[in-house]
Amino acid sequence: YIIDVVFPPTEEERHLRANDREFNLSYEYADNAIKTSKYNIFTFLPLNLFEQFQRLANAYFLFLLCLQLIPEISSLSWFTTVVPLVLVLSMTMAKDGSDDINRHRCDRQVNNRKVEADLLLLSSSEPLNLVYIETAELDGETNLKVKQALTVTGELEDCIEKLANFNGEVRCEPPNNRLDKFTGTLTLKEEMYSLDNEKVLLRGCTLRNTQWCFGLVVFGGPDTKLMQNCGKTTLKRTSIDRLMNVLVLSIFGFLAVMCLILAVGNGIWEYQEGSKFAAFLPKQEGVNAPFSAFLTFWSYVIILNTVVPISLYVSVEIIRLGNSFYIDWDRKMYYPKSDTPAEARTTTLNEELGQIKYIFSDKTGTLTQNIMTFNKCSINGKSYGEVRGGKGCVDFSWNNLADPKFCFHDHSLVEVVREGNPEVQAFFRLLALCHTVMPEEKKEGELYYQAQSPDEGALVTAARNFGFVFRSRTPESITVVEMGELVTYELLAVLDFNNVRKRMSVIVRSPEGKLTLYCKGADTIIFERLNPSCSKLKEVTTEHLNEYAGDGLRTLALAYKDIDPKYMEEWKLRHHEASTAMDEREEKLDALYEEIEKGLLLLGSTAVEDKLQDGVPQTIEQLSKADIKIWVLTGDKQETAENIGYSCNMLREEMTEVFIVSANTAEEVRKELQTARRKMRPDGPEEPTVTKSRSGLFCLLKTETVADEPVDGEYAMVINGHSLAFALEKDMEMELLRTACMCQTVICCRVTPLQKAQVVELVKKYKQAITLAIGDGANDVSMIKAAHIGVGISGQEGMQAVLSSDFSFAQFRYLQRLLLVHGRWSYLRMCKFLRYFFYKNFTFTFVHFWYGFFCGFSAQTVYDEWFITLYNLVYTALPVLALSLFDQVIRSLMLYPKLYAPGQLNQYFSKRAFVYTVLHSGYSSLVLFFIPWAAMYDTVRDDGKDIVDYQSFALLAQTCLLIAVSIQLGLDTHYWTSVNQFFLWGSLCVYFAVIFTMYSNGMFLIFTSSFPFIGTARNSLNQPNVWLTMLLTSILCVLPVVAYRFLRILLWPTVNDKVRYKVRQDKVLPPAPRRVQARRASTRRSGYAFSHAQGYGDLVTSGRFLRWTPKSRPALFSQTDSPLAQTQHQFYRTINEGGEPPLSP
Amino acid sequence: MMKEELETTNRPDNTAFTQQRLPAWQPMLSAGIVIPGFVLIGLAFIGIGVGLFITSQNITVLEKDYTGVETTSDCYKCSNPSDKNCTCKLEFSLSNLFEGPVFFYYGLSNYFQSQRSYGASKDEYQLSGDLDYFKTPVSACSPYQYDANQKPIVPCGSLANSMFNDTFKLYQIVNGTKKLVPFDGKGIAWWTDYNIKYRNPSVTPLKNAFNGTVKPSFWSKPAYELDTSDPSNNGFVNQDFLVWMRRAALPDFRKLYRRITEGDYASGLPAGNYSLEIAYNYPVLSFGGRKKVVFSNVSWMGGKNQFLGIAYLVVGSLCVVMSMVMLIVYAKFKFPEDD
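Residues numbered from 1 in each chain as written. Chains lettered and ligands numbered in written order. Predicted model: local features only at pLDDT ≥ 70, side-chain atom pairs only at ≥ 80, totals over all residues. Heavy atoms only, no water.

### Some thoughts on helix α28 (residues 865-875) of chain A
Most of α28 of chain A sits inside the fold, with 8 of its 11 residues counted as buried. What α28 of chain A keeps buried is the set Trp866, Phe867, Ile868, Thr869, Leu870, Tyr871, Asn872 and Tyr875 of chain A. (Buried < 20%, exposed > 50% of the residue type's maximum accessible area, 1.4 Å probe, protein only. Helix = DSSP H or I, 4+ residues; strand = E, 2+ residues; numbered from the N terminus.)

And the structure:
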């Protein structure tokens, strides 16, 4: 596609010249290559280390290490800090390294794809230099769009020489994110041509029906409109991350306070005791009490460093990684049809999946499959298409032009059509004639339809299979194979579709000379224009239409009318006049159309299914039971969006009211929003309740939270993009937010990618809730990036959404499992992990604090140095890892979506929970220090020898601690797999094995100074009172917790407790949730939903659209994707196929 | 319909681990476990508590402070630190047989052996008999690394330097005459300390190993002459030295001095009057310390310690009480049957 690749930074105007590399390079425009990797082989080590030491915890440990090198301060051997630090650094380094290798690979992949950039269209294979494109990636619309090159550049055709000599100069706007606007000029041979959006192909669009085209790259790489629309990539951090940062900071403060207390203690001790004790412990020169206190402060900073756990961050990363792997491995999120497993692309956000409060979903391709199927029809008062029994698809083999992929279940319709029933035949004739579809017949009998919308394609394909094959068209004729017979109709007029008319008609003359007007359109519109003679049929058809609408199908009514040739002559004249009128052309044409589309005879109606993805309504039901609010943000038009809202149960008939906001001025929008709000909450305050608070590190972040407002009844809101633009203005956003958040369902239609992101940002800003955005196309990228969690639907054409997402999978319904199972478990595990981790480290550290009072505040450790080194790394590492990788509370979580709520409310880990943990640790440490202290006070061994020596006491204290924290872990574990058992018992065994080894004769003889605890284990662990002390401390640490938990479950049971109890009681799981697809008993029907914009009747009749003489020459660049084949496929899937089994085993 | 064979190369493995279906035990804090559990633990603790308490009650302990703070004390005269080679007497009488074997301890209070720099002030290599460290002791021993003449101190460091050096002789007053109660000073230190951790250099005579070194300043005799009566009880493996070097964890501690296991006293100290002769050398008054002697026998649970027994009794009773409370709460609230 590309002649030259040229590129730019901030600029007021872009200026480039074709085929003039030097000139273009002088502007240093952005390269089309995308680089996301951070390191290369040489920079890896220094850069990575530099980055790692920017982390607070790592830098702190480096600082500690420096402190330890000062002998006056060093209260611990160097290895106690170096071993964990090296381990942590190398593990992080390994992870960063593998991440960067992945990024390198990804970059290579991205940059090796065919160059995608914003192009100025120069020439194409199609006549008049037209190019047909699909812009689904950009705006979600699936209809075809036409772009046309300038005639002057179109002359270049595909002649390489001409192209190479092309020296046009382009001046245009700087890179921006407006998809619908482009201004610039092309100067060629001293003539200036103006350039607009019509002449630009944007990155992300797909060529359809066009063999080749040439273009001049205007914007490349990050400058393309698509990338400009992608929003900025920010490093996503979870709320727990942020909380952790705050906590670590407060822990630093806490550490300083503890050290200060001990330092003051040391000062006092030195003053009162130390100075007199000098006979036995001489003072170092120049060390007086205050200076000693100062040194002690730092010594205690070293000893008590375990409150700032260096391994915390690493452990958290490991846990998240593990839980991400579970997502990758989950077969219940694997989609066999496209062989796509779920993928956790970001491995640092897992626990946030358990806290989602708002979901923003795209529609096309996310909720729906973007496949339309002709499902049912009502012809002359008889409904066809109801599936009876499990009969397969109807056999269309009698029709050699049938589309093999088409599937219809009702045999009777085929029989009727083959019998030659005139109404049925007329019905399909209408479908074959009244449309703007383009056919393509590459090989004899292999027809491809290029439809403006999938709806039209489905209808024409249905006609094709039932024996009315639309074969070809010219501006004046339509050729149809009717039950095997070739018939050519003369096309007299196309009365095109638009949003107001909601119908389209064609007027044709049959070979017999009969003039007929065929019309299809929204039922309400058609019904107004019927001949009174069909009133009976109208009633029956209305009934059927209601039925179809109740099933969530998109319906159209079909009608025809024979026209008097004389009248036609006259009408045509007037039509010609009107269409050439200089002013009020539209109105005049409309009036003419209105005149002729009258007194129609009803044929029946069609029902097309905009196929939802499997399980979408169930998923939405489950998610809303879990108190998650779902907003649909779609670029699609209002009717379509509403219809989908109904068919996936987001909008329901029983809802109290569905507000539609579609106003044209800011004031109207405000009024509509206010009216809606007052209706929902008549007695509510006019001003929103805003809680202002500060959060984040040093409370620098100011946050405003708008309180949830309760409403009676269920409401929904549909707002269109135009109104949304007003509503998102600064002065109205609060109004929008309040109103929208009162509704159960919010649907925003015709929104631009940027608006999607703005809506997400709005909710993020004022609700302080965790948001998730899910989408499949490039138009969703901005919201995927804006939301806390972005989910991409993978396995489809475009990869833009997946590439910028955090999680990806193939089907919307997997969202349920991602959130309710993986999310909840990840959250639960992370919270349990954090609580336990802080508990064990605080307990560990507090014991030191208490010992300070018994060692003259001299920063004497209460444990063996080796225990301090290995406590976090070996003795307690694996059991807590097992807890945070295997723990699960209720397996059949899908059945109890309510269990999701604690995550949304942040119940399991918060500042409050942290304070409780600290208090619990305080209690445990008191028990763990003072019980051994009292039990050992003045006592001796059973042979009269020493047992209260420092080494024995250290051993006792550390063993008590380890046993107590292990039992606490056991209490926190709800799900004891063999791995948990193995790790827990294994760690205790390893502890005993290690102490017996380290305290053995051999180790002492080899490394005399490193293992001074020789013999301590043997001498102390054979004493009954030592074991009795351990038993007492363990029981005293654990039983209060057991009692508290037991009473809490009885007195204030949580949802969790109740469900656990219930599951345990029944053992038999409760019945699967109802699979309801409530039939809408309503008169609400979809409109003429198949077109997004004015149809291209103009093009059809003008002939511009048609390829009379395709310029047939071999394509220079082979284009492999067959654009036509894509939109036509009709899959029919049963609802159970690939469905989720209701119960987790 | 799509009929072609579906490629499933990316399908995740179906294992219990990857699908998070590992079989597991899921215990719950149900009333059926918790309440009986508390009762059982409570009863068991009360049982252990009673046993410990009675055992502890049966242990006899006799403690005598001899710091000499009170003017009435015989040792008052020795409390002046300038007074060298002072001896004082401590007299006591036993009305019953003090059952043996009797252990004789000295105790120190407000004495911070647990101080970090105090504990670190020794040389493990030197004490394990490495002659290199006889010449250059580690710097941790400072200021007891070298003496004023830059001669290495062996054993170096504050810990060794401050070795307890009061000596005791116990006499039973039988009919007005003093009868020496024989002390057994063998095997009062840990076996590992005596055999592994502390070793003399393999130089005979031991004295030669100490050539070029000086004794700790606080010591009256060099290390190789600590026990003149038993040549094998000298140097770093001297039992008193070993006991001292096993530094105490807490500021109040007692250390084993001798055992009374021989002769007439094998079964204990008979009722009668006793006189303890103390060579009062060790100064503690300067830092508010106290010295005492302790006679004690031991049981299976070691020395006398009332705390453990009482703690077990209290915790046991609390468990039982708690189980009652839980039972009442349980009976009253049951489990909500709704939802």
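### What about the packing of α28 of chain A against helix α29 (residues 877-886) of chain A?
Residue and element names in this part refer to chain A. Relative to each other, α28 and α29 sit at 30°, their axes nearing to 5 Å. By the angle between their axes, α28 is roughly parallel relative to α29. Here α28 contributes Tyr871, Asn872, Leu873, Val874 and Tyr875 to the contact with α29, which in turn contributes Ala877, Leu878 and Pro879. Residues of the contact of α28 with α29, tallied by class, amount to 7 nonpolar, 1 polar and no charged. (Axes fitted to C-alpha atoms, helices over the stretch in contact; angles between N-to-C directions. Parallel < 35°, antiparallel > 145°, perpendicular 65-115°, else oblique. Contact = heavy atoms within 4.5 Å. Nonpolar A, V, L, I, M, F, W, Y, C, P; charged D, E, K, R; others polar.)

### Remarks on the sheet that holds strand β14 (residues 382-384) of chain A
Residue and element names in this part refer to chain A. Taking strand neighbours across the sheet as the criterion, the 9 strands line up as β14-β13-β23-β22-β21-β20-β19-β18-β17 in an open arrangement whose pairing is antiparallel. Both edges of this open sheet fall to β14 and β17 (468-473), since each of them pairs with a single strand only. Mean inter-strand twist for the sheet, computed between neighbouring axes without regard to direction, equals 30°. When strand β20 (residues 503-509) meets strand β21 (residues 515-521), the two strands line up antiparallel, connected through 7 bridges. Along β21, the bridge assignment pairs Met504 with Lys520. Along the sheet, helix α17 (residues 565-580) contacts β19 (485-495), β20 and β21; its crossing angle with β19, the most-contacted strand, is approximately 45°. (Pairing = 2+ DSSP bridges.)

### A look at the interface of chain A and chain B
Interfaces are often sized by the accessible area lost when the parts come together. Listed by partner, the interface residues are 107 residues for chain A and 101 residues for chain B. When chain A packs against chain B, close to 9300 Å² is buried across both sides, 64% of that on carbon and sulfur atoms. When residues of chain A are sorted by the area they lose upon contact with chain B, Phe280, Arg331 and Phe1046 of chain A head the list and together hold 9% of the total. Here chain A and chain B share 3 salt bridges between them. As a salt-bridge pair, Arg254 of chain B and Asp938 of chain A come within 3.4 Å of each other at their nearest N and O atoms. For the side of chain A that touches chain B, the element with the highest residue contribution is helix α36 (residues 1024-1051) of chain A, accounting for 17 residues. Residues that form the side of chain A that touches chain B fall into these classes: 56 nonpolar, 24 polar and 27 charged. (Buried area = accessible area lost by both parts, 1.4 Å probe. Salt bridge = Lys/Arg side-chain N within 4 Å of Asp/Glu carboxyl O.)

### Observations concerning the pairing of strand β2 (residues 118-124) of chain A
Residues and elements named next belong to chain A. Summarising burial for β2: 7 of the 7 residues are buried, a large majority. Pairing geometry for β2 and strand β8 (residues 200-201), over 2 bridges, is antiparallel. The residue of β8 that forms the bridge with Leu119 is Leu201.

### So, the UniProt feature "transmembrane region" (unreviewed entry) in chain B
With numbering aligned to this structure, UniProt lists the feature "transmembrane region" (unreviewed entry) at residues 33-54 and 310-331 of chain B. The span residues 33-54 of chain B is 100% helical and 0% strand by assignment, and the distance between its end C-alpha atoms comes to 31 Å. (UniProt positions renumbered as here; feature names shortened; annotations may be inferred.)

### What to know about the UniProt feature "active site" (unreviewed entry) in chain A
All names here are of chain A. The UniProt feature table records "active site" (unreviewed entry) at Asp362. Tracing the backbone through its elements, the reader meets Asp362 in the loop between β12 (356-361) and β13 (368-379). For Asp362, a relative accessible area of 2% corresponds to the buried category. The contact partners of Asp362, leaving out residues within four places of it in the chain, are Leu367, Leu633, Thr634, Lys756, Ile774, Gly775, Asp776, Asp780 and Met783. Here the side chain of Asp362 touches Thr366 through a polar contact of 3.4 Å, side chain to side chain. (Polar contact = N/O pair within 3.5 Å; in protein donor to acceptor, adjacent residues only side chain to side chain.)

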